[in-house]
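Listed below, chain by chain, are the residues.
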Amino acid sequence: MNRRQAVQLVVGASLTAAAPALNGRRSRAEAQTIAPPAFALPPLGYGFDALEPHIDAQTMRIHHGTHHAAYVRNINAIVAANPALAGIPMAKTLRSIEKLPEAIQAGVRDNMGGHWNHSFFWRLMKPGGPSQPSGKLKEAITGTFGSLSAMQRAVNEAGLARFGSGWVWLGVGPRGQLTVVSTSNQDTPHMVSGIRGAVLGIDLWEHAYYLKHQAARGAYLTAWWNVVNWDTASETFDHLLS
């Protein structure tokens, strides 16, 4: 690897596209002044085909490597021009989106929102995981909805009722109570008034299910419950209660 390639590796593909072309050689000192990308595409932690037959490998490959990667690339371009965003937790930025300069609000909402949503989404799925929640989350689901299946029906109904693209969430309210909410496009649960966060979230964009289920969003929602990582959901609920 030559020096120019090393510099490009440090910068990362996301910011390299937004930065001036690297012409000629740079000194080591100059290379060290170039910050790496503020955000990176997280690994799935499992193979593209690991969630078969419920979610197909080709959908996972495109969803992660094309759609999520585009959100990462775009938010890094925004951060390159607004570096203060890199030092703020995403949840804090998204919860106070209206405090950002108006010129970048839409871009941050769409791309940081898309990055946060998808990073959470990949962690909520696991091949061969436990079939139900545990601990406080299990108790809260039973206390709020009566049963796990009743909660799943409520989430599915809200997901089917969401017009167009968006997400459906099992959210946590200000007193730790569970509630089902949905958001449009790449809005996150942090943007919903009175919601601390979410323990579950299902992507309702067609790119999440169209290759396998075509327009049958209901079939996708039903299939999704077979791959839930209840360990992550339970741990997230505990964290949101603390």
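Now for a description of the structure that goes with this document. Because the structure is predicted, anything quoted here is derived from the model rather than measured. (Residues numbered from 1 in each chain as written. Predicted model: local features only at pLDDT ≥ 70, side-chain atom pairs only at ≥ 80, totals over all residues. Heavy atoms only, no water.)

**Some thoughts on the overall build of the chain**
Scanning the chain from terminus to terminus reveals eleven helices and three strands. Burial statistics for the chain: of 242 residues in total, 43% are counted as buried. Considering only residue pairs separated by 6 or more positions, the chain has 65% of its internal contacts joining residues 24 or more positions apart. For the chain, the accessible area works out to roughly 12000 Å², and carbon and sulfur atoms hold 54% of it. (Helix = DSSP H or I, 4+ residues; strand = E, 2+ residues; numbered from the N terminus. Buried < 20%, exposed > 50% of the residue type's maximum accessible area, 1.4 Å probe, protein only. Contact = heavy atoms within 4.5 Å. Areas by Shrake-Rupley, 256 points an atom, 1.4 Å probe, with all protein chains shown as cover.)

**Focus: unusual backbone geometry**
With an omega of 0°, the peptide bond running from glutamate 52 to proline 53 counts as cis. Following the sequence through the fold, proline 53 ends up in the loop between helix H3 (28-32) and helix H4 (57-81). Positive phi, close to 50°, is recorded for asparagine 185, a residue that is not glycine. Following the sequence through the fold, asparagine 185 ends up in the loop between strand S2 (178-184) and strand S3 (197-203). According to the relative accessible area criterion, asparagine 185 is partly exposed, its value standing at 39%. With phi around 55°, glutamine 214 is a residue other than glycine that occupies positive phi space.

**A closer look at the packing of aromatic side chains**
Taken as a whole, this structure holds ten aromatic pairs when the rule is applied. Ring geometry for tryptophan 167 against tryptophan 169: centres 5.3 Å apart, planes inclined by 10°, an arrangement best described as stacked. Taking relative accessible area as the criterion, tryptophan 167 reaches 0% and is therefore assigned buried. Judged by centre distance (6.3 Å) and plane angle (15°), the ring pair of tryptophan 225 and tryptophan 230 falls under stacked. With relative accessibility at 12%, the residue tryptophan 225 sits in the buried group. Classification of tryptophan 230 as buried rests on a relative accessible area of 2%. (Phe/Tyr/Trp six-rings, centres within 6.5 Å; stacked < 30°, edge-to-face > 60°.)

**Considering the packing of helix H7 (residues 135-145) against helix H11 (residues 230-241)**
For the pair H7 and H11, the least separation of the axes is 7 Å and the interaxial angle reads 85°. By the angle between their directions, the pair H7 and H11 is classed as roughly perpendicular. Two secondary-structure elements touch here, H7 through Lys136, Leu137, Ala140 and Ile141 and H11 through Trp230, Ala233, Ser234, Phe237, Asp238 and Leu241. Per-class residue counts for the contact of H7 with H11 are seven nonpolar, one polar and two charged. (Axes fitted to C-alpha atoms, helices over the stretch in contact; angles between N-to-C directions. Parallel < 35°, antiparallel > 145°, perpendicular 65-115°, else oblique. Nonpolar A, V, L, I, M, F, W, Y, C, P; charged D, E, K, R; others polar.)

**A few points about the pattern of salt bridges**
All told, the structure shown has two salt bridges when counted by the stated rule. The shortest N-O distance in the salt bridge between arginine 109 and aspartate 187 comes to 3.0 Å. Of this pair, arginine 109 sits in helix H6 (residues 102-123) while aspartate 187 sits in the loop between S2 and S3, placing them 78 residues apart in sequence. Among the salt bridges present, the one from lysine 126 reaches aspartate 231, with a minimum N-O distance of 3.8 Å. Remark: aspartate 231 occurs in helix H11 and lysine 126 occurs in the loop between H6 and H7; sequence separation between them is 105 residues. Look at lysine 126 and you get partly exposed, because its relative accessible area is 31%. (Salt bridge = Lys/Arg side-chain N within 4 Å of Asp/Glu carboxyl O.)

**A short note on the sheet that holds S2**
Strand order in the open sheet made by the three strands is S2-S1-S3, with antiparallel pairing throughout. The strands lining the two open edges of the sheet, one partner per strand, are S2 and S3. Within this sheet the neighbouring strands show an average axis-to-axis angle of 25°, counted without direction. Pairing of strand S1 (residues 166-172) with S3 involves six bridges; the strand directions are antiparallel. Each residue of the ladder has a partner; that of tryptophan 167, found in S3, is aspartate 203. Along the sheet, H7 contacts S1, S2 and S3; its crossing angle with S2, the most-contacted strand, is approximately 90°. (Pairing = 2+ DSSP bridges.)

**Some thoughts on the layout of surface pockets**
The computed volume of the second largest pocket comes to approximately 150 Å³. As for the second largest pocket, its lining consists of Ala91, Arg95, Trp116, Phe120, His190, Arg196, Gly197, Ala198, Thr236, His239 and Leu240. Going through the elements one at a time, helix H5 (90-95), H6, S3 and H11 are the ones with two or more residues in the lining of the second largest pocket. It is H11 that provides the largest number of residues to the lining of the second largest pocket, a total of three residues. Along the lines of polarity and charge, the residues of the lining of the second largest pocket split into five nonpolar, four polar and two charged. (1 Å grid on protein atoms, 1.4 Å probe; cavity = no way out; pocket = protein on both sides within 12 Å on 5 of 7 lines; lining within 4 Å. Points joined across faces, edges and corners; volume = space filled by probe spheres on them.)

**Looking at the side chain of histidine 68**
Looking at where histidine 68 falls in the secondary structure, it is placed in helix H4. A polar contact is formed between the side chain of histidine 68 and the side chain of tryptophan 122, at a distance of 2.9 Å. (Polar contact = N/O pair within 3.5 Å; in protein donor to acceptor, adjacent residues only side chain to side chain.)

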